[in-house]
Amino acid sequence: QVQLVESGGGLVQAGGSLRLSCAASGRTFSSYAVGWFRQAPGKDREFVAAISGNGVRTSYADSVKGRFTISRDNGKNTVYLQMNALKSEDTAVYVCAATATSWYFMSPEGLRYYDYWGQGTQVTVSS
């Protein structure tokens, strides 16, 4: 069982930066791939980025490539999402999720692969 808690959201002007954190419980956190997803009002939840358990593999949505960076510190049981050059269209609730499925047997952008979900943190980008 893994419990996930997000933090770091807030209000920022367009062009600014935020760093989100996803803190996990459990002693085998390095066994879990973690993804970040977001959901804007009236829209479906969409994939943002994901990272493998050992941090070697990453995947990004085209809309955030070059602006967002996902990383993890397994010693602190935490995954980070550094968001730079934020745009108004990045406004959403950001949620992290974890899966024990091997990176090589899943599609990181697929919601159905993730077993554990956090409650989310709001990111609002003002233009």
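The structure we're discussing is the one just above.
Reference entry: report on the structure contained in this document. The model shown is predicted, which means the values in this text are computed figures rather than measured ones.

**Overview of the pattern of salt bridges**
Then, number 1: Summed over all chains, the structure comprises four salt bridges.
Then, number 2: A salt bridge links K65 to D62; the shortest N-O distance between them is 3.2 Å.
Then, number 3: Between D90 and R67 there is a salt bridge, and its shortest N-O distance comes to 2.8 Å. Taken together, the residues D90 in the loop between β8 (78-83) and β9 (92-99) and R67 in the loop between β6 (58-60) and β7 (68-73) connect sequence positions 23 residues apart.
Then, number 4: A residue is classified by how much of its surface remains accessible, and R67, at 11% relative accessible area, is buried.

**Examining the packing of aromatic side chains**
Then, number 1: Inspection of the entire model under this criterion finds five aromatic pairs.
Then, number 2: Taking the centre distance of 6.1 Å and the plane angle of 70° together, the rings of Y32 and Y116 count as edge-to-face. Note that Y32 is positioned in the loop between β3 (18-24) and β4 (33-39) and Y116 in strand β10 (residues 116-117), a separation of 84 residues in sequence.
Then, number 3: A relative accessible area of 11% means that Y32 is categorised as buried.

Calculation criteria
Residues numbered from 1 in each chain as written. Predicted model: local features only at pLDDT ≥ 70, side-chain atom pairs only at ≥ 80, totals over all residues. Heavy atoms only, no water. Salt bridge = Lys/Arg side-chain N within 4 Å of Asp/Glu carboxyl O. Helix = DSSP H or I, 4+ residues; strand = E, 2+ residues; numbered from the N terminus. Buried < 20%, exposed > 50% of the residue type's maximum accessible area, 1.4 Å probe, protein only. Phe/Tyr/Trp six-rings, centres within 6.5 Å; stacked < 30°, edge-to-face > 60°.

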